[in-house]
Amino acid sequence: MIVFLIILGSATAYSSGVWHFNIDAKRAFLFEILSSLKPIIENIVLLILADRVLKKVNFNKIRDVWLQIVFYSLFFSLLVWGMIAVRFNTFDIFRSSFPILFQTNKLATAALTVCVGAFLLRKINIEKIKLRYLIYAFLVLSVMPTILWITKLSGDASFSFGTMLWGIFLLLATKYLNQISAENKVKYAKRFLGIFAGSGLVLTLLLNLVGPHNIIFNNGDIAINRLSFLMTNSWAFFIGLSVFILLKQQNITNYISWDLVFGASLFSTHFLFIKPFWRNMWGTVYWMQQTPLHLIGAILISAVVTTLIAILIEILRGNFKHQVLAFSPKKTVAMVIALALSIFANVIMLISNSSFSVRSAVAVVRYKPQLMLLNMLMIFAFIMIIFALINRLVISITAFSVVLLVFVFANYQKILSRDEPILPVDISSNLKNIKEITSLVNVWLVAAVAAILVILVLLGVYLERRAKFVPIFSWKQRLLLLVSGVAFLGFFMIKLPLMPSSVVTWKTEDHTIFNDVMANQFKYKAHPGSIKGDFRSNGPVVTLVSRMIIPIMEQPSGYSKAAIMQLSQKLEKEAKSINKDRQNDISKQTVVYILSESFSNPQRVPGVQMNDPIPNTDQLKKTTTSGLMDSYGYGGGTADMEYEALTSMSLNNFAPALSTPYVELMPKIKYQPSVLDLFKTKNAIHPFQPTYYNRINAFKQLGFQKFYNTYAPDQVKYKEAIGGVESSGDSIASGSKYISDKSAYEELKLIMDQHQGGQFIQLSTMQNHMPYFKDKYGKENNFPASGSLSDASLDRLRTYAYGINQTDQDLKELIKQVDSEKRDVTLVFYGDHLPGLYEWQKDSDQKLVQYDSEIHQTDYFIYSNHSKRKVKKAVAAPYMFTPMMLEQTNSKVSPYYALLTKCMEQLPAGERDKYMLDNGKQVSEKDLTAKQKELLNEYKLIQYDITAGKHYLGENSSFFKV
């Protein structure tokens, strides 16, 4: 209970945003009363210490108090450094290492002064303390500072040496109490308790009434709050003294665990407890927005949890001290060292991901202490597994240090060479391609690191043998640690990949307890588009664990080599049958796939009223192959749609946990068939940075010869934004002005003209990417819109609609240029997803579910300049585009595309475990006909064999040849 009150007093005193009495006087009054516990309990703690050391004090006692102070100062600094990612400077390190010298913790200084003072008193042998001297000291050390603080004439808690003098005063006051009879002490204690507790309440009420009307007691810095940080204030002293006398009278002080109480006091008065730990850990800045009941609940729950943490730390410290002094380190020492290593490792791994720039590393994670704590706990579990396996302290520490050093070195080298951190898949793939990896790094540097590792191992073995430490754990304890550690890590390995990506709309079934807690409480948010961003935002270990076990695809029924060979022969016959009526070779034509960022007619969204922002596109769609595209994402999912369009593989067939094939699939497989296989010349254009979604590596694996983007070596030439202004911003941010579609189409024409033969070009635009803030293109450039959307949503819609209207006009010019070409050119144009801007005035969440079909419908068309053929497909999925393009151009197909042609003709578009019919209605797989289910299983068999199966159909197989 005492520990809880210690934490509660400090917690309320340090909570942010609660000293504005004009918001809610009742809440402020509650916080004032609770925060006044802080200096009262601090005085009680020091009085208990004074009473004990007056009875018995020696060098060992002083040493123990000093070691406890140093332990809490260093340990808590390390804990906050690891959890809150506080940016330490040299002075902070000294403050943590020498808390007394630098007056880091005033309670600690006073406590050590009490111990040293008691030791000196015994040497001097002073028998009696005169009351008048205590009164003089009290006037100077307590009354005067209290008056100065109430009237805001003093800005610091104590003057020079004030804390030490207060410790001496409390020591002498305690000695004086021993001169008074027990009866008189109790009588005066009760009297003082009533007087000062009562006057304190009256003062609190008075200051609440006077404060808002008097400049001396202005809002935001009320006297009661100020006094809670003044240990020497008169009310705190007399109330604390009275409570101490009453506790001692009942012999309660003899049963109080001094180490625990003092440890909690050091914990709650640490200089980093104030803002980095308490405010960030519990989000106290939002407490005043809660109802009174929730506010009280938040205070109590956070105080209880923090109390348990403080108790656990003290238990570990006590056992740690005994085992170290006995030179017999066992489980407690191992756990403390493991905890310290986990904190250190988390920070080192974090900053290595930012090229050892501390500022960049802490910019995001400092606001996610819960997530950083989870990272530390995962490392802690891993270290304890090592301890359980090896069961020798020094060798276990050495083993983990080697693992950490290897990881940090490899991670840093990969960031330098590829600007992305290490992933689990790199371990297996790099071992297979060791020659390629060694060519990317300095061999001498690797040799130096290897030498350091050898020295570390030898040193660890030597120290372990020299120290002759006993085994850390028993066999039962080792088994328990192994099972619990593996279970803990395994749980997150299984659950984290199943969390929906941040770019995909959460379905009702996605709102599990685990998902909601991780997203809302831990602030976990997957970043499939940026591996580096994932590491920075979620922490290195959580990111690694989330990508450790990602299932690719469930094995379809009937999968075997015989089944694949039989299906391959069947589809070869199907291809020959189709090719009888096809005359053209697509490799001799120019084919361009245009992924138009967030391009979709807003008129289809219920609640939107506006003129058609894309009239030219809608007119073109009437004359060529066109329709709606069923998009996998809403507000995101660009790389997924791009992958489907290029490879003709459906995400619907993959495991739900596999959200970004570029990142989670392609590094694991040797060959990924795609439309690029049909061409000799193939280039990609993306007028933005190339690092998102692992595009650099994925495009290289697919076979793109050049990837034009805003980075070297193949930079785009045209970089103007809408309105002809220079584009700005190389990240997705509110101030960015992306390269316009007009510039992108000019770049496309430039690349097309560099090669007159057959070629394939992939263009992924950027112009209409979020954010769509109001007046982004100027007040005069907002497309008129109204409806039942919220005002903020309508503002975003007007900006977005203006953007796609510009795309529509630029697309018209592109079609004119294509029509002027003598060579055969085919454009496959599609919007990747709707912008995530739609928010209705009423029941918005319910309407997102109700309009699920509409918010996943974008526009697509396939246009050929010299062909009037049309393929009828009202609703298509991106994986259907290549067989549709081959049919429109009357081009021959491979057995692979023969299968996809059948799927395009006979199956509805499938995304998100649903199938969209031509009328926009969505059905499930069980609603398909028996013939459709059979065809779908054939499609799954081929896709499984290529990605997750035995790869019976390899890269050189005739199955992929025309």
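Residues numbered from 1 in each chain as written. Predicted model: local features only at pLDDT ≥ 70, side-chain atom pairs only at ≥ 80, totals over all residues. Heavy atoms only, no water.

This next bit is on the overall build of the protein chain. For the protein chain, the count of helices and strands is 36 helices and 13 strands. Buried positions account for 55% of the 962 residues belonging to the protein chain. Across the protein chain, the fraction of contacts at a sequence separation of at least 24, relative to all contacts at a separation of at least 6, is 77%. (Helix = DSSP H or I, 4+ residues; strand = E, 2+ residues; numbered from the N terminus. Buried < 20%, exposed > 50% of the residue type's maximum accessible area, 1.4 Å probe, protein only. Contact = heavy atoms within 4.5 Å.)

Right, let's get into unusual backbone geometry. That bond from Met770 to Pro771 is cis: its omega, 5°, falls within 30 degrees of zero. Phi is positive for Asn251, which is not a glycine, with a value near 65°. Following the sequence through the fold, Asn251 ends up in the loop between α11 (234–249) and α12 (258–268). In this structure, Asn890 takes a positive phi of about 55° despite not being glycine. Mapped onto the fold, Asn890 is located in the loop between α34 (881–888) and α35 (895–906).

This part covers helix α31 (residues 741–753). Taking 1.5 Å per residue as the helical rise, α31 with its 13 residues ought to reach 18 Å, and the 18 Å between its terminal C-alpha atoms agrees with that figure. Listing the buried residues of α31 in full gives Asp741, Ser743, Ala744, Tyr745, Glu747, Leu748, Ile751 and Met752. Of the surrounding elements, those touching the buried residues of α31 are β1 (590–596), β4 (682–685), β5 (706–708), β6 (759–764), α32 (791–819) and β8 (825–831). (Expected span 1.5 Å × (residues − 1).)

Orientation of helix α3 (residues 37–55) relative to α11, taken along the N-to-C sense of each, is 50°, at an axis distance of 8 Å. It follows from the interaxial angle that α3 and α11 lie oblique. Crossing angle aside, the handedness with which α3 passes α11 is right-handed. Contacts between α3 and α11 involve Pro39, Ile40, Asn43, Ile44, Leu47, Ile48 and Asp51 from the first element and Ala236, Phe237, Ile239, Gly240, Leu241, Val243, Phe244 and Lys248 from the second. In the contact of α3 with α11, the residues fall into 11 nonpolar, 2 polar and 2 charged. (Axes fitted to C-alpha atoms, helices over the stretch in contact; angles between N-to-C directions. Parallel < 35°, antiparallel > 145°, perpendicular 65-115°, else oblique. Left-handed = near helix turned anticlockwise from the far one by under 90°. Nonpolar A, V, L, I, M, F, W, Y, C, P; charged D, E, K, R; others polar.)

What follows deals with the sheet that holds strand β9 (residues 857–864). Pairing within the open sheet is mixed, and its 8 strands lie in the order β5-β4-β6-β1-β8-β9-β3-β10. The sheet is open, and its two borders are formed by β5 and β10 (875–876), each paired with just one other strand. (Pairing = 2+ DSSP bridges.)

On to the nonpolar core. Nonpolar side chains in soluble globular proteins generally cluster together in the buried interior. Residues Phe267, Met378, Phe387, Leu496 and Met518 are the most contacted members of the largest nonpolar core, which totals 120 residues. Examining the composition of this core, we find that 13 residues originate from one element, helix α17 (residues 369–390), more than from any other. Once residues within four sequence positions are removed from consideration, Met518 is found in contact with Leu371, Leu374, Phe492, Leu496, Met499, Lys523 and Tyr524. Core analysis: the next-biggest nonpolar cluster, separate from the first, contains 80 residues, Tyr559, Ile669, Tyr897 and Leu936 among them. (Core = buried A, V, L, I, M, F, W, Y, C linked by side-chain atoms within 4.5 Å.)

Turning our eyes to something else, we now look at the side chain of Asn683. The topology assignment puts Asn683 in strand β4. Exposure remark for Asn683: the relative accessible area of 10% places this residue in the buried category. Within the structure, the side chain of Asn683 is placed 3.2 Å from the backbone nitrogen of Lys706, a separation counted as a polar contact. (Polar contact = N/O pair within 3.5 Å; in protein donor to acceptor, adjacent residues only side chain to side chain.)

A cluster of nonpolar side chains, contributed by Leu131, Tyr133, Ile135, Tyr136, Leu139, Val140 and Met144, occupies part of the molecular surface with about 690 Å² of accessible area. Its place among the elements puts Tyr133 in helix α7 (residues 131–150). (Patch = residues over 30% accessible without salt bridge, like charges linked within 9 Å, V, L, I, M, F, W, Y side chains within 5 Å. Areas by Shrake-Rupley, 256 points an atom, 1.4 Å probe, with all protein chains shown as cover. Salt bridge = Lys/Arg side-chain N within 4 Å of Asp/Glu carboxyl O.)

The next point concerns the confidence of the model for the protein chain. Across the protein chain, the average pLDDT comes to 83, with 86% of residues at or above 70. Every residue in residues 16–24 is under pLDDT 50, and counting partners more than four places away or in other chains gives 22 contacts. (pLDDT = per-residue confidence, 0-100.)

Right, let's get into the pattern of salt bridges. A full pass over the atoms with the stated rule returns 21 salt bridges. We note a salt bridge from Lys749 to Glu821, for which the minimum N-O separation is 3.5 Å. One end of the pair, Lys749, is in helix α31; the other, Glu821, is in the loop between α32 and β8, with 72 residues separating them in the sequence. Counted as one network, the salt bridges with shared partners bring together Asp630, Asp852, Arg912 and Lys914.

What follows is about the sheet that holds strand β11 (residues 909–911). Judged by pairing direction, the sheet is antiparallel, and its 3 strands sit side by side in the order β11-β12-β13 without closing on themselves. Only two strands of the sheet have a single neighbouring strand rather than two, namely β11 and β13 (922–923). In this structure, β11 lies alongside strand β12 (residues 914–916), joined through 3 bridges in antiparallel fashion. Bridging across to β12, Glu911 finds its partner in Lys914.

A word on the environment of Leu459. Within the element layout of this structure, Leu459 appears in helix α21 (residues 443–467). What makes Leu459 partly exposed here is its relative accessible area of 44%.

On to the pairing of β4. A two-sided burial pattern is seen for β4, the buried positions comprising Lys682 and Ala684 on one face and Asn683 and Ile685 on the other. Taken together, the 4 bridges between β4 and β6 define a ladder with parallel strand orientation. Counted as the bridge partner of Ala684 is Gln762 from β6. In this structure, β4 lies alongside β5, joined through 3 bridges in parallel fashion. Along β5, the bridge assignment pairs Ala684 with Phe707.

We now examine the packing of aromatic side chains. Per the counting criterion, the structure on display carries 46 aromatic pairs. Through successive ring pairs, a cluster of aromatic residues spans Tyr593, Tyr643, Phe654, Tyr662, Phe679, Phe699, Phe704, Phe707 and Phe760. Over the ring of Tyr188 we find Lys187, and its NZ or CZ is 5.2 Å from the ring centre. When the ring centre of Trp475 is taken as origin, the NZ or CZ atom of Arg478, which lies over that ring, is 4.4 Å away. (Phe/Tyr/Trp six-rings, centres within 6.5 Å; stacked < 30°, edge-to-face > 60°. Lys NZ or Arg CZ within 6 Å of the ring centre and 35° of its normal.)

The next subject is the pairing of β9. Counting buried residues in β9 gives 8 out of 8 residues, a clear majority hidden from the surface. Side chains of β9 alternate between two faces, with Gln857, Asp859, Phe861 and Tyr863 and Thr858, Tyr860, Ile862 and Ser864 buried alike. Alignment of strand β3 (residues 625–630) against β9, held across 6 bridges, turns out to be antiparallel. Pairing of Thr625 across the sheet is with Ile862, part of β9.

Moving on, we get to the side chain of Gln806. Mapped onto the secondary structure, Gln806 falls in helix α32. Its relative accessible area of 18% is what places Gln806 among the buried residues.

Turn by turn, an α-helix covers 3.6 residues, leaving residues three or four places apart pointing in a common direction. Where helix α30 (residues 695–702) is concerned, the buried positions are Arg695, Ala698, Phe699 and Leu702. Mapping the buried residues of α30 onto a view down its axis gives an arc of 95°, with all of them on the same face. Where α30 is buried, its residues contact α28 (638–647), α29 (661–664), β4, β5 and β6. Looking one or two places after α30, you find Gly703, whose phi comes out positive at around 115°. (Arc of directions from axis to C-beta.)

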